[in-house]
Amino acid sequence: MATIRDLGLVIGLMMAFFMASIVFADPDMLQDVCVAILKPAVAVNGFPCKNITDISANNFFFAGLVKPGLTNNALGVNVTQANVNQIPGLNTLGVSMARIDYAPGGLNPPHVHPRATEIVFVLTGELNVGFVNTDNKLFSKTIKAGEVFIFPRGLLHFQINNGKVPAAVIAGFNSQFPGTQRVADALFASSPKIDNGVLAKTFKIGTNLVEEIKFNLGPKM
Ligand SMILES: *[C@@H]1O[C@H](CO)[C@@H](O)[C@H](O)[C@H]1NC(C)=O
Ligand SMILES: *[C@@H]1O[C@H](CO)[C@@H](O)[C@H](O)[C@H]1NC(C)=O
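Residues numbered from 1 in each chain as written. Chains lettered and ligands numbered in written order. Predicted model: local features only at pLDDT ≥ 70, side-chain atom pairs only at ≥ 80, totals over all residues. Heavy atoms only, no water.

- With an unreviewed UniProt entry as reference, the protein is termed Germin-like protein, source organism Mikania micrantha.
- The heading Sequence similarities (unreviewed entry) in the UniProt record of the protein holds the text "Belongs to the germin family."
- Under the heading Subcellular location (unreviewed entry), UniProt records this for the protein: "Secreted, Extracellular space, Apoplast". (UniProt positions renumbered as here; feature names shortened; annotations may be inferred.)

Structure, rendered in structure tokens:
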């Protein structure tokens, strides 16, 4: 005999299933594939599809993650993207990847991905990683080769290589184009610039220090 409690359980399970099924980042697709026309004449959400007669296996292929990116830059990090812009076949599929290489001491500075959760798999080396939730609680851990860590969609996160050898990860995203916003650049290197008074008051510092940070993050001659 089905009781009210059983019915409640069934409805609860159905709701849980419904909620789970709507947790995706990019719009669901309506055909097998929709290989992106990357420079379309009209603006749409994502990209319009190439004619099926014009697509091939190469539209679903990318060799750009084979080699480490060069890390001889100020932050000691190189993010090599493998999203819809590099792999047009990803259009409407709701996933993408990246390879991130870190020199010893290399930092992927605090940033957010507005459209995707990220899962990193460590290829080599060891990293200290973390994200901060909306209660400003830090979730941090040291991860090494073969281990994975998750950065939930939209939350501030970073990775740093505190080790003495290079490190590398493969990152997976549930968006064809996750988007990246580096917090320091968004605040101090936007164009046009955010008013010094806004930043001075936000950080409880003088405008001279704001100027110094803007100069340090700005384009170098
Ligand atoms: C796709 O290309 C084929 C061959 O050129 C053409 O016959 C067909 O009309 C095209 N389809 C669309 C939707 O443009
Ligand atoms: C990342 O590495 C590639 C080569 O693998 C290089 O062309 C590019 O300039 C590097 N980017 C940065 C920010 O160093």
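**Description of helix α3 (residues 196–203)**
Logical step 1: Those residues of α3 that sit buried are N196, L199 and A200. Projected onto a plane normal to the axis of α3, the buried residues spread over an arc of 100 degrees and lie on a single side. Along α3, the residues that are exposed and aim more than 90 degrees away from the buried face are K201 and T202.
Logical step 2: Elements that come into contact with the buried residues of α3 comprise α2 (183–188) and α4 (207–217).
Logical step 3: Two or three places before G197, at the start of α3, stands the capping residue D195, its side-chain oxygen 3.1 Å from that residue's backbone nitrogen. (Buried < 20%, exposed > 50% of the residue type's maximum accessible area, 1.4 Å probe, protein only. Helix = DSSP H or I, 4+ residues; strand = E, 2+ residues; numbered from the N terminus. Arc of directions from axis to C-beta. Contact = heavy atoms within 4.5 Å. Polar contact = N/O pair within 3.5 Å; in protein donor to acceptor, adjacent residues only side chain to side chain.)

**What about the site of ligand 2?**
Logical step 1: Lining the immediate environment of ligand 2, one finds P68, G69, L70, N73 and N78.
Logical step 2: A distance of 3.0 Å separates an oxygen atom of ligand 2 from a polar backbone atom of L70.
Logical step 3: With respect to ligand 2, the side chain of N73 contributes an N or O atom lying 2.8 Å from an oxygen atom.
Logical step 4: Relative to its unbound accessible area of 360 Å², ligand 2 is 40% covered by the protein chains.
Logical step 5: Class assignment of the residues belonging to the shell around ligand 2 gives a composition of two nonpolar, three polar and no charged. (Near = heavy atom within 4 Å. Areas by Shrake-Rupley, 256 points an atom, 1.4 Å probe, with all protein chains shown as cover. Nonpolar A, V, L, I, M, F, W, Y, C, P; charged D, E, K, R; others polar.)

**Quick notes on the sheet that holds strand β9 (residues 167–173)**
Logical step 1: With respect to topology, five strands assemble into an open sheet ordered β1-β2-β9-β4-β7, the strand pairing being antiparallel. Looking along the sheet, the strands with just one partner apiece sit at the ends: β1 (77–82) and β7 (148–151). On average, each strand axis in the sheet is tilted by 20 degrees relative to the strand beside it, whichever way the strands run.
Logical step 2: Of the pairings in the sheet, the one linking strand β2 (residues 96–102) to β9 comprises seven bridges and is antiparallel in character. Within the sheet, the bridge partner assigned to Y102 lies in β9 and is A167. (Pairing = 2+ DSSP bridges. Axes fitted to C-alpha atoms, helices over the stretch in contact; angles between N-to-C directions.)

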